Amino acid sequence: VGGSLLTGGNVLNVIGRVVGRDYVGNKLVLVVSAMKGVTDLLIRAFDNHDPNALDEAVSIYVNETLNLGLNDLASFLELTREELRRFINLGEPWVRDHVIVHGELFSVLLIERLLNDVLGLRAKAVYDPGIVTDSNWGFASVNHELSNRYVIERLGNVLGKYDVVVVPGFLGVTGDGRYSSLGRGGSDYTASLLASYLNASQLTFYTDSGGLLTGDPRIVNDPVLLREVGYEEAYVASILGAKKFHPRTFEPLLKSRVLTVITDPWRGDGTYVIDKCEPMPKLTAINETGNGLFRVSVVGCRISQINDLRDEAYKVMTSYEVNSVRSEGPHAISALLNDWDEAVSLVRDLHRWVRSWIA
């Protein structure tokens, strides 16, 4: 469940709807993000040694627990706030990860109580589901061999006793027992890892966009919801920055082929990620590369291998002053530009081309 859905006064509505859809007598693992805006506040609290930002982050949860009548939990969160105040003035790299993952940990606390005390389900929080990482603070890498074993052991045991297991996204634990961050958008990656390790029957990403769109609605006009994309297309799209997925989100699914749906809690449709793809352009993406250049990409099944598709994409891209145009494997083509406004114009032209295929 994405943090964009977990807003003040709306957590019960969202979680109730998700559980109503997905808990139908089966076991459910619920991976939760921090509430909207909380991770940014925690980052600001640590980076700027700003206790006011920390207070604001914790207050979002305190207010939500009070709204739900969970007063004892609100008191516990206040105590945790005082603990975190001591951490935000420490300068060691591991401390930053320890602070910023608390949004997810607070969400697990809140949602476990909501499921048990408000919705009447048998739910259990697992704060460390067994994802083992290295110490690359801020963007830790996962040890899949150890994680696979530990996740099956820990969650398998709990799933035998409870209906719903609530797990924090975004975090892992290092070999010496410290919390690590998987990077922004890491809750999506957590869900994919758990689905793969547990051989889940279905993985559902709940997001405010309701699925994968043909383009960023903040930039392009009239983006269309894609009904289906292939695993490899989704993987490439996440690497290129489409929909702000963590770049490794679909990596664990390439071999496991878990049935995957991207939707929102209230709609009956969404985007299915499936084990095949239709050769055509599907979506566009735009982002900054980090060295002052802007990358504009178009993603579609075998788009760089089919001459007509590749030539059409190149024709649109080279009508602009691009530094280079290159294939990003079989399913994507990208152009690099110096100017943001030019990059925006290009992605809009590419999107019109994609829309002509989708229509």
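Refer to the structure presented above.
Below, the structure is looked at part by part.

Observations concerning the layout of surface pockets
Now for step 1: Considering only enclosed or pocket space, the second largest pocket measures out at about 210 Å³ in volume.
Now for step 2: In terms of lining, the second largest pocket is formed by 13 residues, of which the most central are Arg227, Glu228, Glu278, Met280 and Lys282.
Now for step 3: Looking at the lining of the second largest pocket residue by residue, the class counts come to eight nonpolar, no polar and five charged.

Focus on the environment of Trp353
Now for step 1: Take Trp353: it is sitting in helix H12 (residues 340–358).
Now for step 2: Relative accessible area serves as the criterion here: at 10%, Trp353 is assigned to the buried category.
Now for step 3: In sequence terms Trp353 and Pro279 are 74 residues apart; their C-alpha atoms lie 15 Å from each other.
Now for step 4: Excluding residues that lie within four positions of it along the chain, Trp353 makes contacts with Pro281, Val298, Ile303, Leu309, Glu312 and Ala313.

Section: the pattern of salt bridges
Between side chains of opposite charge, a pair can form as their charged atoms come close.
Now for step 1: Tallied over the entire structure, the rule returns 20 salt bridges.
Now for step 2: The salt bridge involving Asp176 is made with Arg178; its shortest N-O contact spans 3.5 Å.
Now for step 3: One network of salt bridges, with partners in common, ties together Asp55, Glu78, Arg81, Glu82 and Arg85.

Topic: the sheet that holds strand E5 (residues 171–174)
Either a parallel or an antiparallel arrangement is found when strands of a sheet pair, and the pairing is made through backbone hydrogen bonds.
Now for step 1: Reading across from one edge, E3-E5-E6 is the order of the three strands in this open sheet, with mixed pairing throughout. Both outer strands of the open sheet, strand E3 (132–133) and strand E6 (179–181), are each paired with one neighbouring strand and no more.
Now for step 2: Bridge count for E3 against E5 is two bridges, and the pairing is parallel. Pairing of Val132 across the sheet is with Val173, part of E5.

Observations regarding the sheet that holds strand E7 (residues 202–206)
Now for step 1: With mixed pairing, four strands are arranged side by side in an open sheet as E7-E9-E10-E8. Only two strands of the sheet have a single partner each, and these edge strands are E7 and strand E8 (228–230). Neighbour-to-neighbour, the strand axes of the sheet open up by a mean angle of 20°, direction not taken into account.
Now for step 2: Bridge count for E7 against strand E9 (residues 259–263) is five bridges, and the pairing is parallel. Paired with Phe205 across the two strands is Ile262, which belongs to E9.

Quick word on a negative patch on the surface
Now for step 1: A cluster of acidic residues, Glu321, Asp339, Asp341 and Glu342, forms a negative patch at the surface.
Now for step 2: Inspection of the secondary structure puts Asp339 in the loop between strand E14 (332–337) and H12.
Now for step 3: Looking at Asp339, the relative accessible area reads 37%, which means it is partly exposed.

Digging into the state of the cysteines
Now for step 1: Applying the stated criterion across every chain, the model contains one disulfide.
Now for step 2: The side chain of Cys277 participates in a disulfide bridge whose partner is Cys301; the two sulfur atoms lie 2.1 Å from each other. Here Cys277 and Cys301 share a disulfide; its torsion about the S-S bond, 50°, makes the bridge right-handed. Here the residue Cys277 occupies a position in the loop between strand E10 (271–274) and strand E11 (281–288), and Cys301 occupies one in the loop between strand E12 (294–300) and helix H11 (307–317), the gap between them amounting to 24 residues.
Now for step 3: For Cys277, a relative accessible area of 30% translates into the label partly exposed.
Now for step 4: Owing to a relative accessible area of 2%, Cys301 belongs among the buried residues under this scheme.

Conventions adopted
- Residues numbered from 1 in each chain as written.
- Predicted model: local features only at pLDDT ≥ 70, side-chain atom pairs only at ≥ 80, totals over all residues.
- Heavy atoms only, no water.
- 1 Å grid on protein atoms, 1.4 Å probe; cavity = no way out; pocket = protein on both sides within 12 Å on 5 of 7 lines; lining within 4 Å.
- Points joined across faces, edges and corners; volume = space filled by probe spheres on them.
- Nonpolar A, V, L, I, M, F, W, Y, C, P; charged D, E, K, R; others polar.
- Helix = DSSP H or I, 4+ residues; strand = E, 2+ residues; numbered from the N terminus.
- Buried < 20%, exposed > 50% of the residue type's maximum accessible area, 1.4 Å probe, protein only.
- Contact = heavy atoms within 4.5 Å.
- Salt bridge = Lys/Arg side-chain N within 4 Å of Asp/Glu carboxyl O.
- Pairing = 2+ DSSP bridges.
- Axes fitted to C-alpha atoms, helices over the stretch in contact; angles between N-to-C directions.
- Patch = residues over 30% accessible without salt bridge, like charges linked within 9 Å, V, L, I, M, F, W, Y side chains within 5 Å.
- Areas by Shrake-Rupley, 256 points an atom, 1.4 Å probe, with all protein chains shown as cover.
- Lys, Arg positive; Asp, Glu negative; His and termini not counted.
- Charge placed at Lys NZ, Arg CZ, Asp CG, Glu CD.
- Disulfide = S-S within 2.5 Å.

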